[in-house]
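Breakdown of the fold
Next come the chains, spelled out residue by residue.
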Amino acid sequence: MITKEKVLDALRYVDDPDLKKDLVTLGMIRDLEVEGKTVSFSVVLTTPACPMKDMIQRACINAVKHYVDKDALVSVNMTSKVTSTRDEKQNVLENVKNIIAVASGKGGVGKSTISSNLAAGLAASGAKVGLIDADIYGPSIPLMFDVVHEKPEVREIEGKNFMIPVESHNVKLLSIGFFADPAQPIVWRGPMAQKALTQMLAEAHWGELDYLIIDLPPGTGDIHLSLVNAVPLTGAVVVSTPQEVALADARKAIGMFNIPQINVPILGIVENMSWFTPAELPNNKYFIFGNEGAKHLADELNLPLLGQIPLVQSIREGGDAGRPAVLQENTLQSIALQEMVKNTAQRIAIQNAKSVPTAV
């Protein structure tokens, strides 16, 4: 006879590969029902973008059949609840579970491309996502989401005026580009740039978000320090090309986040423009900027390599047209970008399981 107790005992043999504990101990098994030989339950993962989702589902079914009854009819509903270590007393962005900075030491490495595809990919997985374009001097997110001519509304909520983010591809967006003429340069001193970032953080109505991605300007300057002082970061993603010049600056960005006064966990490194693949020769790779430079840096610093993204024309075209390439159907570039999204979500869940975010 199949009982709930027997099913739970069987599921204790199924571990979460990242958290290194069984699903029952982690409290991930919900809504368990047994009727005759029919067994149904839900597995609540730590992110909808979990790369191990199918493997965990198969392991659950096999465990019940192996340890309880080989003829059991097992139905597993894979769902998710994004984890967070935010302190409830922190009233800045209190409804945002995870705040992720995307940084690079050097400009021109595709940081905004990675930010936009990370945000769009997480949203496509079912997560609630926001994206702040904090690259004050070169805002490109409005173009990459095809909302260049949009303007955020201002709405009164509980007696206060808040900006309402623009939405595209299920991602909530704010950028200084919404408030400036696209044809005019933004010439601001540091304090003005810091104030703009603070307004996008504190004077916008973001609602409930699983992830808020912040696309930082290149370098290690005022905006970075202002962000760390303004909100508790879950972690940072550092973007680089394989080129030695870019890697040298990526080291500086990683070093900045590791300074004791800042102390932001590095979730991993994304290697962008890893190789060039022409459309007419999809199986060819030309290592224009060097071969696996960011991978070697990740190995050296004992950091995860979150993804290697090829230099492909359609990624650029998608960015220019406001359709992030991660949303394409089963292309080499979309597969690479989706892998990067899943790996980043995985590292966020691991980080939340083992530590607390940056203190404000």
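Residues numbered from 1 in each chain as written. Predicted model: local features only at pLDDT ≥ 70, side-chain atom pairs only at ≥ 80, totals over all residues. Heavy atoms only, no water.

1. A word on the pattern of salt bridges
Pairs can form between side chains of opposite charge once their charged atoms are near each other. Using the following cut-off: By definition here, a salt bridge exists when the distance from a side-chain nitrogen of Lys or Arg to a carboxyl oxygen of Asp or Glu is within 4 Å. Under the scheme applied here, a residue whose accessible area is under 20% of the maximum for its type counts as buried, over 50% as exposed, and between as partly exposed, the area being computed with a 1.4 Å probe on protein chains only. Helix numbering and strand numbering both begin at the N terminus, where a helix is a DSSP run of H or I of at least 4 residues and a strand a DSSP run of E of at least 2.
With the rule as written, the count across this model stands at 12 salt bridges. With a closest N to O distance of 3.6 Å, Arg12 and Asp9 form a salt bridge. Its relative accessible area of 41% is what places Arg12 among the partly exposed residues. Overall, Asp9 belongs to the partly exposed group, its relative accessible area being 43%. When the shortest N-O distance is used, the salt bridge between Asp299 and Lys295 registers 3.4 Å. Of this pair, Asp299 and Lys295 both sit in helix α8 (residues 293–300), separated by 4 residues, roughly a single helical turn.

2. Things to note about the pairing of strand β2 (residues 38–45)
Stated formally: DSSP calls a pair of strands paired once it identifies at least 2 bridges connecting them. The definition of a right-handed crossover adopted here requires that, viewed with the strands pointing away, the path from the first strand over the helix to the second runs clockwise.
Within β2, 6 of the 8 residues are buried, leaving the element largely enclosed by the surrounding structure. The sheet contact formed by strand β1 (residues 29–35) and β2 spans 5 bridges and is antiparallel. Bridging across to β2, Ile29 finds its partner in Val43. Pairing geometry for β2 and strand β3 (residues 73–80), over 8 bridges, is parallel. What sits directly across from Val44, in β3, is Thr79. Read from β2 through helix α2 (residues 53–67) to β3, the crossover connection turns out right-handed.

3. Examining a nonpolar patch on the surface
To keep things clear, this is the line we draw: Patches here: salt-bridge-free residues with over 30% relative accessible area, like charges joined within 9 Å, nonpolar side chains (Val, Leu, Ile, Met, Phe, Trp, Tyr) joined within 5 Å. Surface exposure here means Shrake-Rupley accessible area, sampled with a 1.4 Å probe, where a residue is shielded only by the protein chains that are shown.
A contiguous nonpolar patch, built from Phe276, Leu281, Tyr286 and Ile288 and spanning about 350 Å² of accessible area, is present on the exposed surface. Within the secondary structure, Phe276 is located in strand β12 (residues 266–276). On the basis of relative accessibility, which here comes to 30%, the residue Phe276 falls in the partly exposed class.

4. Let's talk about the environment of Gly105
Basically, it comes down to this: Whether two residues touch is decided by their heavy atoms; if any such pair falls within 4.5 Å, the residues are in contact.
Looking at the element boundaries, Gly105 is found in the loop between β4 (96–103) and α3 (111–124). Given a relative accessible area of 19%, Gly105 falls into the buried group. Separated by 131 residues in the primary sequence, Gly105 and Ala236 place their C-alpha atoms 13 Å from one another. Beyond its immediate chain neighbours, meaning those up to four positions away, Gly105 contacts Pro218, Gly219, Asp249, Ala250 and Ala253.

5. Some remarks on empty space enclosed by the protein
In plain terms, the rule: Note on definitions: the grid is 1 Å and covers protein atoms alone; a cavity is a set of points where a 1.4 Å probe fits but cannot get out; a pocket is an open set with protein on both sides within 12 Å along at least five of seven lines; lining residues have an atom within 4 Å of a point. Grid points are joined across faces, edges and corners, and a volume is the space filled by probe spheres set on the points. All residues other than Ala, Val, Leu, Ile, Met, Phe, Trp, Tyr, Cys, Pro, Asp, Glu, Lys and Arg, Gly among them, are scored as polar; the first ten of these are nonpolar and the last four charged.
This model, assessed by the stated rule, comprises 2 cavities of 30 Å³ or more. One number sums up the size of the largest cavity: a volume of about 70 Å³. Surrounding the largest cavity, Asp16, Asp18, Leu19, Leu45, Thr46, Thr47, Cys50, Pro51, Gln346 and Ala349 form its lining. Across the lining of the largest cavity, the residue classes tally to 5 nonpolar, 3 polar and 2 charged. The computed volume of the second largest cavity comes to approximately 40 Å³. In this structure, the second largest cavity is lined by Thr113, Ser116, Asn117, Met144, Ile315, Gly318, Gly319, Pro324 and Ala325.

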